[in-house]
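Overview (structure and organization)
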Amino acid sequence: VLILKSSLSDAQKKKTLDTVKDWIKELKIVKEEQIGQKLLSYKIKTEDNGYFVRLLMEAKEIIPQDLEKRLLGEENILRHLLLSRRMKPIKSFLN
């Protein structure tokens, strides 16, 4: 989940998302959901609202190590949340 500055134009939001997608180009983006603008519970970097985007990604290996650092350094991203879920192989009932 990414929270972008709500004050960005549509072109700036697209450019920021394209930059993030370039950082994770070795991962497969399964789903991208533009949740939209929402009121924040508290101000973040003088912003009252944030534009929320959810990216669902698949990876055979772990995500790039420098991704967290890059997300923190991107000025148009107010906050981010990276969750990892390991999928266990399904055991066959026939074995």
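Refer to the structure above for everything that follows.
Predicted, not measured: the structure shown is a model, and the values here were computed from it. (Residues numbered from 1 in each chain as written. Predicted model: local features only at pLDDT ≥ 70, side-chain atom pairs only at ≥ 80, totals over all residues. Heavy atoms only, no water.)

What follows concerns the overall build of the protein chain. Helix and strand counts for the protein chain come out as two helices and four strands. When its helices and strands are written in sequence order, the protein chain yields β-α-β-β-α-β. Computed over C-alpha atoms, the radius of gyration of the protein chain comes to 16 Å, more than 25% over the 12 Å expected from 2.2 N^0.38 for 95 residues, which places it beyond the range of a compact globule. Expressed along its principal axes, the backbone C-alpha trace of the protein chain runs to roughly 60 × 25 × 20 Å. Considering the protein chain as a whole, with its 95 residues, one finds that 31% of them fall into the buried category. The long-range share in the protein chain, meaning contacts at least 24 apart out of those at least 6 apart in sequence, stands at 63%. (Helix = DSSP H or I, 4+ residues; strand = E, 2+ residues; numbered from the N terminus. Rg over C-alpha atoms; globule rule 2.2 N^0.38 Å. Buried < 20%, exposed > 50% of the residue type's maximum accessible area, 1.4 Å probe, protein only. Contact = heavy atoms within 4.5 Å.)

What follows concerns a nonpolar patch on the surface. Among the surface-exposed residues, Val1, Leu81 and Leu83 lie close enough to one another that they form a single nonpolar patch of about 300 Å² accessible area. Within the secondary structure, Leu83 sits in the segment after strand E4 (77–80). Leu83 gets classed as exposed once you look at its relative accessible area, which sits at 75%. (Patch = residues over 30% accessible without salt bridge, like charges linked within 9 Å, V, L, I, M, F, W, Y side chains within 5 Å. Areas by Shrake-Rupley, 256 points an atom, 1.4 Å probe, with all protein chains shown as cover. Salt bridge = Lys/Arg side-chain N within 4 Å of Asp/Glu carboxyl O.)

Next up on the list: the environment of Leu2. By the secondary structure assignment, Leu2 is in strand E1 (residues 2–5). For the pair Leu2 and Gln34, spaced 32 residues apart in sequence, the C-alpha to C-alpha distance is 9.9 Å. Residues contacting Leu2, with those up to four places away along its chain left out, are Leu17, Val20, Tyr51, Phe52, Val53, Leu55, Leu71, Ile77, Arg79 and His80.

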